[in-house]
Amino acid sequence: MTPSTPPSTSFRPSQPADENQLITDRREKLAAIRAQGIAFPNDFKPKHHAAELARLHGDATNEDLEPLAIHVVIAGRLMLKRVMGKASFGTLQDGSGQIQLFMTRDGLGETQYDAFRHWDLGDILGAEGTLFKTRTGELSVRVSALRLLTKSLRPLPDKFHGMADQEQKYRQRYVDLITDADARARFMARSKALSSIRQFMVEHHFMEVETPMLHPIPGGANAKPFTTHHNALDQQMYLRIAPELYLKRLIVGGFERVFEINRSFRNEGISVRHNPEFTMMEFYAAYWNHHDLMNFTEEVLRHAARVVSGSAAITYAGKPVALDQPFARLTVREALVAHAGLTCEQAVDAGALHAKLKSLGVEPPAHWTLAELQFGVFEAAVEEQLWQPTFIIDYPVEVSPLARASDADPTVTERFELFITGREYANGFSELNDAEDQAARFQAQVANKEAGDEEAMFYDADFIRALEYGMPPTGGCGIGIDRLIMLITDSPSIRDVILFPSLRKEA
């Protein structure tokens, strides 16, 4: 007789047991297993995975499967268990998905069947048997041999509610991954996106490189670094805030296209968009300018979305995002007119900009220039309105210390930032390759730091020396990988796409 799968809802416990008592009970079971000399075996080798079996045999009928007697060897975590006298069901979860097990006293033998009845949800099992379909059409394994490979000492969360506390999900990501298929899918999508981006870069003749994470001088961005001390060198070191200056040294050295998918660190605030440790990709190409970078950045994001989602026309927070369409391009001034309610005249009037900032609750420093006032209004009033992909271009020189100034207007740089869903996703520019200009920009940053700006850059004498050897015209861009994964997986928080986000120490 072909068994039918019983409804799992009938086996929901009425009251959760005390967790400490459950752990004590499981430890007692493990002690008994140790006494038998069979705890934690390491000689079981699975040969099949649940998803593969479903793909190959999911459409077959039981009449198709029974004559074939397809023998399978699988391993995974016991997620559901339904004991019914002489026959029992279980659900096994491996790295690819789930498959049902069917055990009988006659098929396993008295000893093995009785042992299974005392095993717990969360235990990791190895099973051998043949494939069949239940009367309800569920692909299952009729088990002929079963082993306990790992005894789980802690009970899993209730299968109907999972981990309800979001912070607990972040702290105990291992439990979140066990119990939440969406979480597993999200991180598989992240891996797929990163692999596809790497392949895309290599196909476009970029060489992947690795640069230091410990820097003697923090550089490449305006940010507050983490500091540490190197004992052997007896000097203060900084965790990388960006790989930019090292990657440009490689352009000087003759590698014309380089990229690095890197971990960077910034000792700043935590929010749904910020984590102190984060992933970004920076890439540099000799003989490219900011227009080339914008075109290529579009293609990188479009490619990643298509690989993960199957389409570059995606949805985020219930609203469409058209990565499949050409991205808009606006200057900072044009954006102020389009989104901040300013006229063309007001967008270039320091008094009007100052008044606008005060109306937004921002008190601008007295020393701010016209360009800095424009940028301040942009950050306060425009950024969050840029839902569809939009490149903002022509950034002020004052806020772009590493970017090449425009030949047409030396007060702005050939720089862009990409905004989608009101957030910044990329920052790129035609690189400054004039060593003397760069040295002067660094000096201005040092002055800002001495005036109290903790995020201002240091003077990097070795980088200036590198530029003095000559760097070809170059374009460089950084893309926030974590935010990109948030976008293409429709995740509301950066913590949802980082396996182990930064959290306050657990009490």
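Bear in mind that the values here come from a model prediction, so they are computed numbers and not experimental data. (Residues numbered from 1 in each chain as written. Predicted model: local features only at pLDDT ≥ 70, side-chain atom pairs only at ≥ 80, totals over all residues. Heavy atoms only, no water.)

**A look at the overall build of the protein**
Right, so step 1: Tallying secondary structure elements over the protein gives 16 helices and 18 strands in all.
Right, so step 2: Across its three principal directions, the C-alpha atoms of the protein cover 85 × 55 × 45 Å.
Right, so step 3: Here the contacts in the protein between residues at least 6 apart in sequence split such that 66% fall between residues at least 24 apart.
Right, so step 4: Positive and negative charge centroids in the protein, built from 54 and 68 side chains respectively, lie 9 Å apart. (Helix = DSSP H or I, 4+ residues; strand = E, 2+ residues; numbered from the N terminus. Contact = heavy atoms within 4.5 Å. Lys, Arg positive; Asp, Glu negative; His and termini not counted. Charge placed at Lys NZ, Arg CZ, Asp CG, Glu CD.)

**Notes on the confidence of the model for the protein**
Right, so step 1: Residue-level pLDDT values for the protein average 93, and 96% of them are 70 or greater.
Right, so step 2: pLDDT under 50 marks residues 8-15. Its contacts with residues more than four places away, or in other chains, come to 12 contacts. (pLDDT = per-residue confidence, 0-100.)

**A word on the side chain of K169**
Right, so step 1: Along the chain, K169 turns up in helix α6 (residues 166-171).
Right, so step 2: Assessed through its relative accessible area of 12%, K169 is described here as buried.
Right, so step 3: Within the structure, the side chain of K169 is placed 3.0 Å from the side chain of D176, a separation counted as a polar contact.
Right, so step 4: Ignoring sequence-local partners within four residues, the contact set of K169 consists of M163, D176 and D180. (Buried < 20%, exposed > 50% of the residue type's maximum accessible area, 1.4 Å probe, protein only. Polar contact = N/O pair within 3.5 Å; in protein donor to acceptor, adjacent residues only side chain to side chain.)

**Digging into the packing of helix α8 (residues 181-203) against helix α16 (residues 481-489)**
Right, so step 1: Contact geometry for α8 and α16: axes closest at 10 Å, N-to-C directions at 120°. Here α8 lies oblique to α16, going by the angle between them. Viewed along their axes, α8 and α16 form a crossing whose handedness is right-handed. Counting all contacts with α8, which are made through R186, A189, R190, A193, L194 and I197, the residues of α16 involved are I481, D482, L484, I485, I488 and T489. (Axes fitted to C-alpha atoms, helices over the stretch in contact; angles between N-to-C directions. Parallel < 35°, antiparallel > 145°, perpendicular 65-115°, else oblique. Left-handed = near helix turned anticlockwise from the far one by under 90°.)

**Quick word on the sheet that holds strand β3 (residues 98-104)**
Right, so step 1: Taken together, the 5 strands give a closed barrel; going around it, the order is β1-β2-β3-β5-β4, and neighbouring strands pair in mixed fashion. Taking each pair of neighbouring strands and ignoring which way they run, the sheet shows an average axis angle of 55°.
Right, so step 2: Bridge analysis of strand β1 (residues 71-84) against strand β4 (residues 124-133) gives 7 bridges, and the strand direction is antiparallel. In the sheet register, G76 faces β4, and the bridge partner there is L125. (Pairing = 2+ DSSP bridges.)

**Here we look at the environment of L336**
Right, so step 1: Mapped onto the elements of the fold, L336 is located in helix α11 (residues 332-339).
Right, so step 2: On the accessibility criterion, L336 (0% relative accessible area) is buried.
Right, so step 3: Put simply, L336 and Q346 are 10 residues apart on the chain and 9.1 Å apart in space, counted from C-alpha to C-alpha.
Right, so step 4: In this structure L336 touches G341, L342, A347, L353, Q374, V377, F378 and V382, once residues within four positions along its chain are discounted.

**Focus on the nonpolar core**
Right, so step 1: Core analysis: the largest hydrophobic core is formed by 44 residues, its most contacted members being I197, M201, M281, F283, V300 and L323.
Right, so step 2: If one sorts the elements of this core by residue count, helix α10 (residues 290-309) sits on top with 7 residues.
Right, so step 3: Those residues in contact with F283 that lie beyond four places of it in its chain are M201, F206, V258, F259, W288, L293, F296, T297, G475, G476, C477 and I479.
Right, so step 4: Counting 25 residues, the second-largest nonpolar core is a separate cluster that includes A50, A60, V72 and L146. (Core = buried A, V, L, I, M, F, W, Y, C linked by side-chain atoms within 4.5 Å.)

**Regarding helix α13 (residues 370-382)**
Right, so step 1: Between its terminal C-alpha atoms α13 stretches 17 Å, which fits the 18 Å expected from 13 residues at 1.5 Å a residue.
Right, so step 2: Of all 13 residues in α13, 10 are buried; the element is thus mostly enclosed.
Right, so step 3: Those residues of α13 hidden inside the fold are in contact with α11, α12 (350-359), β15 (390-393) and β16 (415-420). (Expected span 1.5 Å × (residues − 1).)

**Description of the pattern of salt bridges**
A side chain of one charge can pair with a side chain of the opposite charge when the charged atoms of the two come close.
Right, so step 1: This structure, assessed with the given rule, holds 29 salt bridges.
Right, so step 2: Between D462 and R465 there is a salt bridge, and its shortest N-O distance comes to 2.7 Å. Note that D462 and R465 are positioned in helix α15 (residues 461-468) at a spacing of 3 residues, about one turn of the helix.
Right, so step 3: Through salt bridges with shared partners, a single network forms among R26, K29, D120, D123 and K151. (Salt bridge = Lys/Arg side-chain N within 4 Å of Asp/Glu carboxyl O.)

**Topic: the side chain of D94**
Right, so step 1: Examined against the element boundaries, D94 turns out to sit in the loop between β2 (87-93) and β3.
Right, so step 2: Of the side chains with opposite charge, R184 comes closest to the buried, unpaired D94, at an N-O distance of 8.2 Å.
Right, so step 3: Here the side chain of D94 touches S96 through a polar contact of 2.8 Å, side chain to side chain.
Right, so step 4: Residues contacting D94, with those up to four places away along its chain left out, are H48, H49, A50, A75 and G76.

**Let's talk about the sheet that holds strand β10 (residues 257-265)**
Right, so step 1: Reading across from one edge, β6-β10-β11-β18-β17-β16-β15-β14 is the order of the 8 strands in this open sheet, with mixed pairing throughout. Whereas interior strands pair on both sides, the edge strands pair on one side only; in this sheet they are β6 (207-208) and β14 (328-331).
Right, so step 2: Here β15 pairs with β16 via 4 bridges, running antiparallel. Bridging from a neighbouring strand, I392 pairs with E417 of β16.
Right, so step 3: The strands touched by α8 within the sheet are β6, β10 and β11 (277-286), with β10 carrying the most contacts at an inclination of about 150°.
Right, so step 4: Sitting on the sheet, helix α9 (residues 244-253) touches β10, β11, β17 (423-430) and β18 (474-480), and the angle it makes with β11 is about 25°.

**Description of the pairing of β17**
Right, so step 1: Of all 8 residues in β17, 6 are buried, a share of seventy percent or more.
Right, so step 2: Pairing between β16 and β17: 6 bridges, direction antiparallel. By the bridge assignment, I420 is partnered in β17 with R423.
Right, so step 3: Here β17 pairs with β18 via 5 bridges, running antiparallel. Among the inter-strand pairings, N427 is bridged to a residue of β18, identified as G478.

**As for unusual backbone geometry**
Right, so step 1: Notably, H205 is not glycine yet its phi reads approximately 70°, a positive angle.
Right, so step 2: According to the relative accessible area criterion, H205 is exposed, its value standing at 65%.
Right, so step 3: We note that Y287 has phi near 70°; this positive angle belongs to a residue other than glycine.
Right, so step 4: Considering the arrangement of structural elements, one finds Y287 in the loop between β11 and α10.
Right, so step 5: For Y287, a relative accessible area of 54% gives the class exposed.

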